[in-house]
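A structural walkthrough
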Amino acid sequence: CSSVYECHEHNNPKKFAVKVINKQMLSLNEKQFIYNEIEIMKTMRHPFIVSYKTCFETPTHLHIVMEHINGITLLDYLIQSCNNMGEHEITKIIH
């Protein structure tokens with residue numbers, strides 16, 4: 001019920017990630033969870049956490065604008081590297 005797109009501001013090459021969530025596909029509890037998550041994202045400042053920029057809504061969709069990160073997802077990285085990692089290395093990534 002969501003997709004992530006790469007975008008940039010008009011006349012500005014800086015890239016952002018926009019997560020588009022179809023609100024019509026969410027239960028009331030799921031909607032509340034997402035709004036709570038947005039409030040938490042607004043307060044987070046850490047070099048290893050994607051930073052929140054802004055969000056906007058239409059009647060049917062919620063758009064969350066975040067910092068764009070180049071590379072692969074954490075899941076893809078772990079899948080590719082899992083066979084070569086020990087428990088100690090995985091623990092460093094998770095913490």
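Predicted model only: the values in this text are computed from it and were never measured. (Residues numbered from 1 in each chain as written. Predicted model: local features only at pLDDT ≥ 70, side-chain atom pairs only at ≥ 80, totals over all residues. Heavy atoms only, no water.)

A separate point is the nonpolar core. Core analysis: the largest hydrophobic core is formed by nine residues, namely Ile-21, Leu-26, Ile-34, Ile-38, Met-41, Tyr-52, Leu-62, Ile-64 and Met-66. Secondary structure elements with two or more residues in this core: helix H1 (28-43) and strand E4 (61-67). Tyr-52 has contacts with Ile-38, Met-41, Lys-42, Ile-64 and Val-65, leaving out every residue within four places of it along the chain. (Core = buried A, V, L, I, M, F, W, Y, C linked by side-chain atoms within 4.5 Å. Buried < 20%, exposed > 50% of the residue type's maximum accessible area, 1.4 Å probe, protein only. Helix = DSSP H or I, 4+ residues; strand = E, 2+ residues; numbered from the N terminus. Contact = heavy atoms within 4.5 Å.)

The next thing to look at is the pattern of salt bridges. Using the criterion set out here, one finds three salt bridges in the structure. Of the charged contacts, one joins Glu-6 and Lys-15 as a salt bridge, the two residues approaching to 3.6 Å between their closest N and O atoms. On the accessibility criterion, Glu-6 (52% relative accessible area) is exposed. Glu-39 is paired through a salt bridge with Lys-42; the nearest N and O atoms lie 3.1 Å apart. With Glu-39 and Lys-42 both in helix H1 and three residues apart, this pair spans about one turn of that helix. Classification of Lys-42 as partly exposed rests on a relative accessible area of 36%. (Salt bridge = Lys/Arg side-chain N within 4 Å of Asp/Glu carboxyl O.)

Another point: the sheet that holds strand E1 (residues 2-8). Taken together, the four strands give an open sheet; going across it, the order is E1-E2-E4-E3, and neighbouring strands pair in antiparallel fashion. The open sheet has two free edges, formed respectively by E1 and strand E3 (52-57), since each of these has just one partner strand. Averaged over all pairs of adjacent strands, the angle between their axes in this sheet comes to 20 degrees, without regard to strand direction. Where strand E2 (residues 15-22) meets E4, seven bridges bridge the pair, whose relative direction is antiparallel. Bridge pairing in E4 places Phe-16 opposite Glu-67. Against the sheet, H1 contacts E2, E3 and E4, and its axis sits at roughly 25 degrees relative to E4. (Pairing = 2+ DSSP bridges. Axes fitted to C-alpha atoms, helices over the stretch in contact; angles between N-to-C directions.)

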